[in-house]
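Chains, contacts and geometry: an overview
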Amino acid sequence: MPDNLIQRTASAYTYPLLIKNLLQSPVVNDPQQEIIYRNQARFTYAEFKQRVCRLANTLTEIGVKAGDTVAVMDWDSHRYLECFYAIPMLGAVLHTVNIRLSTEQILYTIDHAEDDYILVNEEFLPLLEQIKGRIDTVKDYILLQDGQQQPETTLTFAGEYEALLAESDDHYNFPDFDENTRATTFYTTGTTGMPKGVYFSHRQLVLHTLAGIAALGTVVVHGRLHQQDTYMPMTPMFHVHAWGLPYIATALGLKQVYPGKYTPEVLLKLIDKEKVTFSHCVPTILHLLMSHPLFNEIDLSNWKVLIGGAALSKAMCKAAMQKGVDIYTGYGMSETCPVLTLAHITESDLTEEEELEIRCKTGRPMPLVELKIVDEQMAEVPADGESVGEIVVRTPWLTQGYLKDQRNSESLWRGGYLHTGDVAHKDKYNYVKITDRIKDVIKIGGEWVSSLEIEDLLATYQGVGEVAVISLPDQKWGEKPLALVVKRPEVEINEKELLQHVRGFIDKGIISKQLILLKVKFVETIDKTSVGKINKRLLREMHTDSKS
Ligand code: AMP
C-alpha cells in the first residue's frame, strides 16, 4: 500500500455520499420551514421527513426492495419530492416517467427500465388503460390523487398514497450502502431513435447538489440562491430531476412550492401568493407566463429565473428585466444530471446591453466541470469568442452510458469525454455560447422530437420522393418543425394530405403530440454536404431567412 493512502481507524465512519444525507441540515435547523402543494397542502420539513419514512414503510410493505425500479407518473407535487428521497433511500431506483412522451414511447420506457411498481396520478390512468395488457414487469400500482373520489378504472392498486401513508409508521432506519448505487433513471429523446435511458448514482446526485449550491450561492448579487429564497420549479420533476433544484432547495432548507400541472394562471398566482423568489424553466414556459395578463399585474421584482433547455433570446431577457425579473441562463442536458454552466453577472458597472449579452450567454462551467470545445480531432479550438467546435465534458455527475445500450453509449463517450452534440464557442473569460447543434433533433417547447422519425413517416407516403425535416426558430415554441419535400413526378400530393398522414400517427400515440406544429414545404431539391449527407445547417439558414 502506498504511504500516502489514508489510514483508517477501525471505527472511523467513511460517510458514503447518499441522498439520505442531504436531509441532515434543514430538518435539524428549521423544522417549521414549509413545503407547499398548490393551494391544497402545506407541510413542515419535520412532517416531510416523517412522510418520507412513511412512504419508505409503505413501499417496503408492498414488496419494494433494494435494486427494484419504482416509477412515478405525476405532475410536480410534494408526493414527487417525497419519492425523490424515499425511493433511492431504500436502495431502489426512481424512474421519473416523462408523461409528455407518446403512449407507445411511455410503454417502451416502462418496459425498458423494467419498472417493478408505478405510482400513478389518476390523470394518467386512461393512458395506462391503453397499454396495461402490454406492461410485463409491473407488480403493483399506487394511486396518486388530489381529491378523494374513486377513479373509474380497471386497474387495481395496492392502495391510495395518502391512505397508505396514514397507516404507515413515521420512522425508518435507512441503511447505508455503496454511494455508487443507481438512484434515478429517466429517458431522453434528445437523440435519434427510441428514447434512451440515462442513470445517476447517489454519489453523482449528492455532488451535483453540492456543486449547485456552491455555484448558485456564491455569486455576489444577481441570480443568487440563498437561505431566504422561496423555490418553485417550472421545469417538470420528470425532466432531469427538475434540473436537480429540488435536491438543492431541500438541502438548503428553503421554503418550496410545488405547482402541480403547469398553467400560467396557477404559476403566476402561486408566485404572487407564496412570494416565490427562485424558479427555472425553458423559454417556452416563460413566454406563456409573459403572455398572460397577470404577468403585468403582479410584483416580480424579487423573482430570479434560471432559463435553460434552449437559448434565452435577448428580446425575452430584456422584457423580463423591464419587469424587474433577475433572469439568466444555464445549460446542461439529460445526460449531464443536468447543470454544466451558469451565466451569472459577476461584474458591476455594466451597461444594460453588456448585462443582456452576458445573461443570454450559455454561461461559465460550474465547480468540478471540465468543459472543452473541440474540433473533430479532439483538439481544443482557440478561446477567442469565434472559433466553434463541439462541447465535450467531464464532471463527476455524467451518465456513464445509456441504459442497456452499448452502441449509443460508445458514441456518447469518446476519448474519455461525454460528447454533447452542441456546437459552441468560448471567449477568454470562459463564457461559452452555443451556436448550433450536431444532433439531428428538434426541440419544441422544451420537448425533443426526432427529425429522422418524421422523415421516415413522410418517406413512406406515396408521392414523396425525398424529405428532410429541419427546425426553424419560433418565438413561442423555441423551434418548429418544417418538412422539405421533393415530390415524385408521377403522383400529385399536397400539404394537407401529408399532415393528415402524420396526424394519424399522433392520434395513435405513436409519435409526439408536438408534431401537430409540423409544416410542409415542397422544394425542387434538397442540399447535401460534400459527403452526401443532407445539409441541415444550410437548409436551416436558407429557410429561416425566407421566413418559412
Ligand atoms: P435535454 O436533454 O432535453 O435537457 O436537452 C439538452 C439540450 O438542450 C442541450 O444539449 C442543448 O442542445 C439544449 N440546451 C440546453 N440548455 C441550453 C442553452 N442554455 N442554450 C442553448 N441550448 C441549450
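Residues numbered from 1 in each chain as written. Predicted model: local features only at pLDDT ≥ 70, side-chain atom pairs only at ≥ 80, totals over all residues. Heavy atoms only, no water.

Here the focus is the site of the ligand. The full set close to the ligand counts 16 residues, and Gly330, Ser334, Asp422, Lys439 and Trp448 are the nearest of them. His239 is positioned such that a nitrogen or oxygen atom in its side chain is 3.2 Å from an oxygen atom of the ligand. Between the ligand and Lys439 there is a distance of 2.6 Å, counted from an oxygen atom to a side-chain nitrogen or oxygen. Those elements that provide at least two residues to the shell around the ligand are strand S14 (326-332) and strand S21 (432-437). (Near = heavy atom within 4 Å. Polar contact = N/O pair within 3.5 Å; in protein donor to acceptor, adjacent residues only side chain to side chain. Helix = DSSP H or I, 4+ residues; strand = E, 2+ residues; numbered from the N terminus.)

Read across the sheet, three strands follow the order S24-S25-S26 without closing on themselves; strand pairing throughout is mixed. A single partner strand is all that each edge strand has here, and the edge strands are strand S24 (464-474) and strand S26 (519-522). Averaged over neighbouring strand pairs, the angle between their axes works out to 30° when direction is ignored. Bridge count for strand S25 (residues 478-487) against S26 is four bridges, and the pairing is parallel. Within S26, the position partnered with Ala483 by the bridge is Val520. Relative to S26, helix H17 (residues 495-507) is tilted by about 140°, and along the sheet it contacts S24, S25 and S26. (Pairing = 2+ DSSP bridges. Axes fitted to C-alpha atoms, helices over the stretch in contact; angles between N-to-C directions. Contact = heavy atoms within 4.5 Å.)

Attention now moves to the nonpolar core. Met73, Tyr85, Leu119, Leu128, Trp303 and Ile327 are the most contacted members of the largest nonpolar core, which has 137 residues in total. Ranked by residue count, the leading element in this core is helix H3 (residues 78-89), at eight residues. If near-sequence neighbours (up to four positions away) are discounted, Ile327 is found in contact with Leu286, Val305, Ile307, Leu312, Cys317, Ala320, Met321 and Arg359. Within the second largest apolar cluster, 20 residues are counted, among which are Leu458, Val464, Val469 and Val485. (Core = buried A, V, L, I, M, F, W, Y, C linked by side-chain atoms within 4.5 Å. Buried < 20%, exposed > 50% of the residue type's maximum accessible area, 1.4 Å probe, protein only.)

Bringing the domain arrangement of the protein into the picture now. According to the domain assignment, the protein consists of domain 1 (19-364) and domain 2 (443-548). Computed over C-alpha atoms only, the centres of domain 1 and domain 2 are separated by 33 Å. Across the boundary between the two partners, domain 1 contributes 18 residues, which contact 17 residues of domain 2. The junction of domain 1 with domain 2 conceals about 1,400 Å² of combined surface from both sides, 49% of it contributed by carbon and sulfur atoms. A per-residue breakdown of the area domain 1 buries against domain 2 is headed by Arg100, Thr284 and His287, which together make up 31% of the total. The tally of links from domain 1 across to domain 2 stands at one salt bridge. In this structure, the salt-bridge partner of Arg100 is Glu447, at a minimum N-O distance of 2.8 Å. Counting across the domain 1 and domain 2 interface gives nine residue pairs in polar contact (both at pLDDT 80 or more). At the level of secondary structure, the elements contributing two or more residues to the side of domain 1 that touches domain 2 comprise helix H4 (103-113) and helix H11 (283-290). (Domains from an automatic or database assignment. Buried area = accessible area lost by both parts, 1.4 Å probe. Salt bridge = Lys/Arg side-chain N within 4 Å of Asp/Glu carboxyl O.)

Spatially, seven strands are ordered S7-S6-S5-S3-S4-S8-S9 in an open sheet, and the strand pairing comes out mixed. What marks the edges here is a single partner per strand, and that holds for strand S7 (159-160) and strand S9 (196-201).

This brings us to the packing of aromatic side chains. Tallying each qualifying case throughout the model produces 10 aromatic pairs. Geometrically, the ring pair formed by Trp75 and Phe124 is tilted, given 5.1 Å between the ring centres and 55° between the ring planes. Taken together, the residues Trp75 in the loop between strand S3 (69-73) and H3 and Phe124 in the loop between strand S5 (117-121) and helix H5 (125-131) connect sequence positions 49 residues apart. Each of the two residues, Trp75 as well as Phe124, counts as buried. Here Tyr172 and Phe174 contribute two aromatic rings whose centre-to-centre distance is 4.6 Å and whose plane-to-plane angle is 35°, an arrangement assigned as tilted. Take Phe174: its relative accessible area is 12%, and that puts it in the buried class. (Phe/Tyr/Trp six-rings, centres within 6.5 Å; stacked < 30°, edge-to-face > 60°.)

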